[in-house]
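# Close look at the chain arrangement
Each chain, letter by letter, is given below.
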Amino acid sequence: MQDWRPRWTLKIGLRLLGLALLATLWPEGRALAALAHGHPTVTIGQLSLAALAFLCASGGMALLLMGPDLWKPVRLADRWTAR
């Protein structure tokens, strides 16, 4: 496997993408609160918007904190490698 080293532009770009995903949480949360207000049951729209908010929050924090290190190769123990 080649040694992969990301350039500084990729590092900044991935972290900015993480910030952008986190910035979308505000309008998603407001829309979800507006949809959920006064409805006793959960609709498919509410559920999908909540899932989208969760994915944006998880992906945004991962990209913001780790950046390109998410794709860094790791060494596996011998018992997990093919023989």
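What you see as residue numbers is a count from 1 along each chain, following the sequence as written. Where totals are concerned, whole chains, interfaces and linings use all residues; where local detail is concerned, this predicted model gives features only for residues with pLDDT of at least 70, and gives and counts side-chain atom pairs only at 80 or more. Derived side-chain values reflect all non-hydrogen atoms in the structure, with water molecules and hydrogen atoms excluded from consideration.

Our focus in this paragraph is the overall build of the protein. Strands are runs of DSSP state E lasting at least 2 residues, helices are runs of H or I lasting at least 4, and numbering of each runs from the N terminus. When you go through the protein residue by residue, the secondary structure sums to three helices and zero strands. Taken from the N to the C terminus, the helices and strands of the protein come in the order α-α-α. It is over C-alpha atoms that the radius of gyration is taken, and the globule rule equals 2.2 Å times the number of residues to the power 0.38. Relative to its length of 83 residues, the protein is extended, with a C-alpha radius of gyration of 19 Å against a globular reference of 12 Å. Counting only C-alpha atoms, the protein reaches 55 × 35 × 15 Å along its principal axes. Looking at the protein residue by residue over its 83 residues, the buried ones come to 13%. Any two residues whose heavy atoms approach within 4.5 Å at even a single point are treated as in contact. A separation threshold of at least 6 residues defines the contact pool for the protein, and within that pool the share at least 24 residues apart is 74%. Think of it in three bands: with a 1.4 Å probe and only protein chains considered, a residue is buried below 20% of the maximum accessible area for its type, exposed above 50%, and partly exposed in between.

Take the side chain of E28 next. Locating E28 in the fold gives a position in helix α2 (residues 25-36). Despite its burial, E28 pairs with no opposite charge; the closest candidate is R30, at 12 Å N-O. Among residues more than four places away in sequence, those in contact with E28 are L49, L52, A53 and C56. The positive count covers Lys and Arg only, the negative count covers Asp and Glu only, and His and the chain ends enter neither. Here, a salt bridge means any side-chain nitrogen of Lys or Arg that lies within 4 Å of a carboxyl oxygen of Asp or Glu.

So, on to the confidence of the model for the protein. The predictor rates its confidence in each residue with pLDDT, a number between 0 and 100. When pLDDT is averaged along the protein, the result is 88, and 94% of the positions lie at 70 or above. The lowest-confidence element of the protein is α2, averaging 90 in pLDDT; the highest-confidence one is helix α3 (residues 44-66), averaging 93.

Looking now at the side chain of Q46. Take Q46: it is sitting in helix α3. Non-local contacts of Q46, meaning those with residues more than four positions away in its chain, are made with L32, L35, A36, H39 and T41.

Glancing now at the environment of T24. With respect to the helices and strands, the residue T24 is situated in the loop between α1 (8-23) and α2. Along the backbone, T24 and L76 are 52 residues apart, and their C-alpha atoms lie at a distance of 36 Å. Pairs of N or O atoms are called polar contacts if they sit within 3.5 Å, as long as, within protein, a hydrogen donor faces a hydrogen acceptor (for residues adjacent in sequence, only side-chain-to-side-chain pairs). Within the structure, T24 has its side chain in polar contact with the backbone oxygen of L21 (distance 2.6 Å).

Mapped onto the elements of the fold, T41 is located in the loop between α2 and α3. Residue T41 is classed as exposed on the basis of its relative accessible area, which comes to 53%. Separated by 29 residues in the primary sequence, T41 and I12 place their C-alpha atoms 42 Å from one another.

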